[in-house]
Every structure is written in structure tokens, then in C-alpha cells.
Amino acid sequence: MLYWLANLSSGGDVFNLFRYITFRAGAAFFTALVFGFIFGRPLIDVLRRKQGKGQPIRTDGPQTHFAKAGTPTMGGLLILSALLVSTLLWARLDNGYIWVVMGVTFGYALIGFADDYAKVTKQNVKGVSSRVRLILGLVLAALAGAAAAWMHPADLSGQVALPVFKDALINLGILFVPFAMLVIVGAANAVNLTDGLDGLAIMPVMIAAGTLGAIAYVVGRADFTQYLGVHFVPGTGELLVFCAALIGGGLGFLWYNAPPAAVFMGDTGSLALGGALGAIAVCTKHELVLAIVGGLFVVEALSVIIQVAYFKRTGKRVFLMAPIHHHFEKKGWGEAQIVIRFWIISLILALIGLATLKIR
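Let me sum up the structure you'll find in this document.

The final tally for this structure, using the stated rule, is eleven aromatic pairs. Judged by centre distance (5.5 Å) and plane angle (80 degrees), the rings of F18 and F23 are edge-to-face. Using a relative accessible area of 30% as the deciding quantity, one classes F23 as partly exposed. Ring geometry for F35 and F39: centres 4.6 Å apart, planes at 40 degrees, overall tilted. In this pair, F35 and F39 are both assigned in helix α1 (residues 21–51), four residues apart and thus about one turn of the helix distant. Three or more aromatic residues link up through ring pairs in this structure, and these residues are F18, F23 and W90. Here the guanidinium or amino end of R341 rests over the ring plane of W333, the centre of that ring lying 4.7 Å away.

We now examine the packing of helix α5 (residues 176–194) against helix α11 (residues 295–314). In a pair of packed helices, the angle between the axes and the distance between the axes together describe the arrangement. It is at 8 Å that the axes of α5 and α11 come closest, and there the two elements cross at 80 degrees. Between α5 and α11, the angle falls in the class roughly perpendicular. Mapping the contact onto sequence places A190, V191, L193 and T194 in α5 and F297, E300, A301 and V304 in α11. For the contact of α5 with α11, the residue count by class is six nonpolar, one polar and one charged.

Attention shifts here to the pattern of salt bridges. According to the stated counting rule, one finds eight salt bridges in the structure shown. Among the ionic pairs, R48 bridges to D45, the shortest N-O distance being 3.6 Å. With R48 and D45 both in helix α1 and three residues apart, the pair spans about one turn of that helix. Classification of R48 as partly exposed rests on a relative accessible area of 35%. Its relative accessible area of 29% is what places D45 among the partly exposed residues. Taking the shortest distance from any N to any O, the salt bridge between R133 and D115 comes out at 3.5 Å. Residue R133 is located in helix α4 (residues 130–151), and its partner D115 is located in helix α3 (residues 96–122); the two are separated by 18 residues in the primary sequence.

Analysis parameters
Residues numbered from 1 in each chain as written. Predicted model: local features only at pLDDT ≥ 70, side-chain atom pairs only at ≥ 80, totals over all residues. Heavy atoms only, no water. Phe/Tyr/Trp six-rings, centres within 6.5 Å; stacked < 30°, edge-to-face > 60°. Buried < 20%, exposed > 50% of the residue type's maximum accessible area, 1.4 Å probe, protein only. Helix = DSSP H or I, 4+ residues; strand = E, 2+ residues; numbered from the N terminus. Lys NZ or Arg CZ within 6 Å of the ring centre and 35° of its normal. Axes fitted to C-alpha atoms, helices over the stretch in contact; angles between N-to-C directions. Parallel < 35°, antiparallel > 145°, perpendicular 65-115°, else oblique. Contact = heavy atoms within 4.5 Å. Nonpolar A, V, L, I, M, F, W, Y, C, P; charged D, E, K, R; others polar. Salt bridge = Lys/Arg side-chain N within 4 Å of Asp/Glu carboxyl O.

Listed below in C-alpha cells is the structure:
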């Protein structure tokens, strides 16, 4: 919205700053961060009064989790509110990619909110049925994939770019939309599975958002893409503003989610943020790089798939408990130890993902 102040510029004055994506991204970050600090405590107080007993705790989970009983959930509302306000203020609202990613983010937020609401009101860990959530998620992802394919340049539409092998493209044609659905739905559910310990999910999400934001800025500039030998996707640079707002809102939330958490993110936040990462990857043509950058989420999701498949076949378990962060809890690792080590892994994977831009 504030981008239009650039029209008041005659060149060389303060209004000219609003033309620059990097300036607006920085402003978006600080706006979302301040929003989180200001409204975090009041929101938590409201959630605690409305929810009473808070998020129900799994009876088959680690015993240490019972100490968290009564902690309110739906803390993702803080991140999403900060993200919405900041993006609307600082992003160019005539940019189609912004609306695709926003649509996925807040569409998945509604699905997650319904699930959290059902869990809290019924005091049951099941919430909304997984089938309903999956169907709604697939519909949103299909719409986003089709919109992104329509906005992509003609020579990239329906194509999948390969990291490292930068000249290589796989033409999926009409199968691109199902592929985009897999990326977005997979990312949303993988982040959702990761959100099981205080602070565990939000930092890797911010790291991935920062990485994808940098990639979006690079692939949205013809000069950078020519130098690096990656595909030019005009307009995607504006997603840096969205990513910066997400990081600011995420830090504001982490202030209250740091152990011991005063509030949980809930499906409201985890599904929305995971969907956002998937949508950004689809828009920037870096779907496969997301699997590297978000490798921690991939491992978390795979641990559940492996556990369920192996148990159904043999009646035995591969891990002491899935997702894999609970396996390490069962082995005696402390919660803070798991969280910080997983953060370190996420940072390493993000650096590897960024390195694919330069490797020829």
C-alpha cells in the first residue's frame, strides 16, 4: 500500500525509497516485529481466557509434555496478524504473486483454525478429520498452482527447474498443477508435524522464509539471474517483502513461544506457514530447492510415513515415537537440546540451498 508513496517522488527524496524492494522488506520486518511485541501478551491473555484448559495433550506422548497442560494454542494468529498488516502496508498490492501466496497462507490458516477450535472445544487431540483437511488443502493448492502457472513466463509455465543443472527443465505440462499441489500440501503438513516442541517449528520456518525470500529477490531480477545462470521469473522479487514480514512476525511469536512456551502455534500457524513456504517455492520455480532448504521438515514427515508403514506391515516400530523429535525425547535428549540442534541443522540446509544458486 505504502509503495504508492513513490509516486510523490521527484527523484532523490525520501519518497523514492518506497520504490526499493529491500527498503520495504526491512520496513515490513520491523513492522511485523513491533506488532508481535505489542499485541502478543494481550492476545495470549484472550486465548487463555477463551480456551480454559488450553490445547489437549496426547496421552501417548512423552511424560514431560503433561507439564504443558493448560497452555493456550492458536498462537499462529499473532504471526498471521503481523504478517497480514505488514504485507498489506509494504508490499505492492498489484503483484499477483503476493496474492497467490497470501491466498494459500490464509486459506490454510482457516483450515488450521477450524482444527484448533475443534480440539479446544471438544478437548480432543483429533480435531477436524484428516480427510476434510486434506481435501480443502488440495483445492487451495490446485488454485494456487494454476494461478502461478498462468503468471509464469511462457517459456517456464508448466516447467520444473532443477537445482545445479540450471539449463535443465522438466516439462510437466498439465501435470504441473498436481505437482504444485504436492509441494504446497506436503510443505504445510510437514511443518505441522514439526510443530511439537517449544520453538521447534518457528525458527526453521523463519530460516526457510529468509532463504526463499533471497531466492525470490534474485530470480526476480534479470541482472542477477543472468549472472547466476538461473531462470528469470519477473515479479517474484516482491515476495521478499512477504518473507521479511513473516520473519518479523515469527520473531515476535518466538518471544512468547520460547521454552517454557506461553502459547503454542497450533495448526492455525503451522499449516499456514508451511503452505506459504510451498507457495513461494512454486512461484519462484524453486520447488526442488525447498526440499533442501526445508530438509528438516522433510525428515519429520518421512519419519511418520516410515513409522506408520512399517508398523502396519510388521507390527513393530522403527522409531521410539514419531515424528522424529519425539524419538530423541524418548532417548533422553532435553527439549532445548533437540530444538537448538534442529535449528542448527535447518541453518546448514538453508546455506546449502542458497549455494545451489551459484553452483553451475
